[in-house]
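# A look at the structure
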Amino acid sequence: GESVGLHLPTLSVQEGDNSIINCAYSNSASDYFIWYKQESGKGPQFIIDIRSNMDKRQGQRVTVLLNKTVKHLSLQIAATQPGDSAVYFCAETPRQAGTALIFGKGTTLSVSS
Amino acid sequence: DARVTQTPRHKVTEMGQEVTMRCQPILGHNTVFWYRQTMMQGLELLAYFRNRAPLDDSGMPKDRFSAEMPDATLATLKIQPSEPRDSAVYFCASGLVLSAPSSYEQYFGPGTRLTVT
C-alpha cells in the first residue's frame, strides 16, 4: 500500500493496493467529520463519517481514523479498485447539528490496473 | 431512490444577465444548502435553510446573489447581474435535522455548471 504523511493533491496507486488519504482539519471544536467521494461531473457522495468521541470507524472496504490531538483525519481504502478513482474530500462541522460542512482540499486518487 | 435534483445542469450566459438555478431537495428533508465549487476555492458554502427559513447566508455576495425557498420542494439561487467570476459549479444539498438525535449527513445534487462570458 501507499500512504501519505501530509495532504497531497494527488495519489496514484495500483489496483489491489491499500490507499490512505490524509486530511488536516482546522477547528478543534468540530464534532463531526465526513469523507466524500466526488466523481467527474457529479456531486460529492457520502462515504463514511465519524463523531469526535470516536477514533476509528469501519465501513465496507473503508476505515476512517480520527486523531484529535493533532487534528488529523485519514481515510483508508482496502484493495483499491479502478472504480475508486475520484476526488476525495474530508469535511468537518461544529457541534450544532445540521450546520454547513467545511470542506478540506481534495485529493485526487488515481487507480491503475 | 430519493435524490436531490438540480436544474439546469449547464448554463452559459453573458455578463450582466440574470441566472436562476433550481433545486428540489429530497422529500422530507428540512435543511437545504447551497455550495459553490471552483478550482481555486474548492467547495464553499453560500447559504442554507432550515424549514425554509434562511439560517446563514454569510458566504453569499449580497449585492448580486439571492437564495429563497418558495416552498418545501423548491430552493432557488439567483444571480443578478452575473459576472465572469461567478463561473463555477453550484451544488445544492439537503439533509434531515431533528432535535435529537441528529444526522449531519448531507445529500448532494449533481450541480449546475455555470459559465459567464
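First, a word on scope: everything that follows refers to the structure included in this document. Each chain carries its own residue numbering, running from 1 in the direction its sequence is written. Just so you know, chain letters begin at A and ligand numbers begin at 1, following the order they were written in. Local features in this predicted model are restricted to residues of pLDDT 70 or higher, and side-chain atom pairs are both shown and tallied only at a pLDDT of 80 or more, whereas totals for entire chains, interfaces and linings draw on every residue. Hydrogen atoms and water are omitted, and side-chain values are computed over all heavy atoms in the structure.

## A closer look at the overall build of chain A
As a reminder of what qualifies: Under the scheme used here, helices are H or I runs from DSSP no shorter than 4 residues and strands are E runs no shorter than 2 residues, and both carry numbers assigned from the N terminus. With the radius of gyration taken over C-alpha atoms, the globule rule is written as 2.2 Å times the number of residues to the power 0.38. Throughout this description, buried means an accessible area under 20% of the type-specific maximum (1.4 Å probe, protein chains only), exposed means over 50%, and partly exposed covers the range between. A 1.4 Å probe and the Shrake-Rupley method give the accessible areas. Residues count as covered only by the protein chains that appear here. This count recognises Lys and Arg as positive and Asp and Glu as negative, with His and chain-terminal groups excluded. Taken as the charge location is NZ of Lys, CZ of Arg, CG of Asp or CD of Glu.
In terms of helices and strands, chain A carries 0 helices and 10 strands. Secondary structure elements of chain A, listed N to C terminal, follow the sequence β-β-β-β-β-β-β-β-β-β. For 113 residues, the compact-globule formula gives about 13 Å, and the C-alpha radius of gyration of chain A, at 13 Å, lands near that figure. Along the first, second and third principal axes, the C-alpha set of chain A runs to 40 × 30 × 25 Å. Expressed as a percentage of the 113 residues in chain A, the buried residues total 44%. Counting only carbon and sulfur atoms, one obtains 48% of the accessible surface of chain A, whose full area is about 5600 Å². For chain A, the distance from the average position of its 10 positive side-chain charges to the average position of its 9 negative side-chain charges is 7 Å.

## Describing the pairing of strand β7 (residues 72–77) of chain A
Residue and element names in this part refer to chain A. What counts is decided by this rule: A pair of strands is considered paired only if DSSP assigns at least 2 bridges between the two.
By the bridge criterion, 6 bridges tie strand β2 (residues 19–24) to β7 in an arrangement that is antiparallel. For cysteine 23, the partnering residue across the bridge sits in β7 and is leucine 73. In the sheet, strand β6 (residues 62–67) pairs with β7 via 6 bridges, with the strands oriented antiparallel. Bridged to threonine 63 within β7 is glutamine 76. What sits between β6 and β7 in their antiparallel hairpin is a turn of 4 residues, with lysine 71 showing a positive phi close to 55°.

## So, the side chain of A:Asp84
Residue and element names in this part refer to chain A. Filter applied, for reference: Whenever two N or O atoms come within 3.5 Å, that pair is a polar contact, provided that in protein one can donate a hydrogen and the other can accept it, and provided that, for residues adjacent in sequence, both atoms are side-chain atoms. Whether two residues touch is decided by their heavy atoms; if any such pair falls within 4.5 Å, the residues are in contact.
Positionally, aspartate 84 belongs in the loop between β7 and β8 (86–93). Its relative accessible area of 8% is what places aspartate 84 among the buried residues. Side-chain polar atoms of aspartate 84 contact the backbone nitrogen of glutamine 81, separated by 2.7 Å. With residues up to four places along the chain from it excluded, the contact list for aspartate 84 reads Lys37, Arg61, Ile77, Ala79, Leu109 and Val111.

## A word on the pattern of salt bridges
Residue and element names in this part refer to chain A. The following threshold applies: When a carboxyl oxygen of Asp or Glu is within 4 Å of a side-chain nitrogen of Lys or Arg, the pair counts as a salt bridge.
Using the criterion set out here, one finds 9 salt bridges over all chains in the structure. Note that arginine 51 and aspartate 31 form a salt bridge whose closest N and O atoms lie 3.0 Å from each other. With arginine 51 in strand β4 (residues 45–51) and aspartate 31 in the loop between β2 and β3 (32–38), the pair connects residues that are 20 residues apart, well separated along the chain. The partly exposed category is assigned to arginine 51, whose relative accessible area is 33%. Note on aspartate 31: relative accessible area 7%, which makes it buried. Glutamate 39 is paired through a salt bridge with lysine 42; the nearest N and O atoms lie 3.7 Å apart.

## Comments concerning the state of the cysteines
The term disulfide refers to a covalent linkage connecting the sulfur atoms of a pair of cysteines. Convention followed: By disulfide we mean two sulfur atoms from cysteines, separated by a distance within 2.5 Å.
Summed over all chains, the structure comprises 2 disulfides over all chains. Two residues share a disulfide in this structure: A:Cys23 and A:Cys90, whose sulfurs sit 1.6 Å from each other. Here A:Cys23 is found in strand β2, whereas its partner A:Cys90 is found in strand β8, with 67 residues between them in sequence. With respect to class, A:Cys23 is no different from A:Cys90; both count as buried. Residue B:Cys23 pairs covalently with B:Cys92 via a disulfide, S to S 1.9 Å. Residues B:Cys23 and B:Cys92 are joined by a disulfide whose S-S torsion is about -60°; by sign, that bridge is left-handed. Placement of B:Cys23 in strand β3 (residues 19–24) and of B:Cys92 in strand β9 (residues 88–95) is noted, with a sequence separation of 69 residues between them. Both residues of the pair, B:Cys23 and B:Cys92, count as buried.

## Concerning the sheet that holds β7(A)
Residues and elements named next belong to chain A. Short version of the rule: Angles run from 0 to 180 degrees between N-to-C directions of axes, and those axes are lines fitted to C-alpha atoms, restricted for helices to the stretch in contact.
One open sheet holds the 4 strands; their spatial order is β2-β7-β6-β5, and the pairing between them is antiparallel. Each edge of the open sheet is held by one strand with a lone partner, namely β2 and β5 (56–58). Taken over all neighbouring pairs, the strand axes of this sheet differ in orientation by 15° on average, direction set aside.

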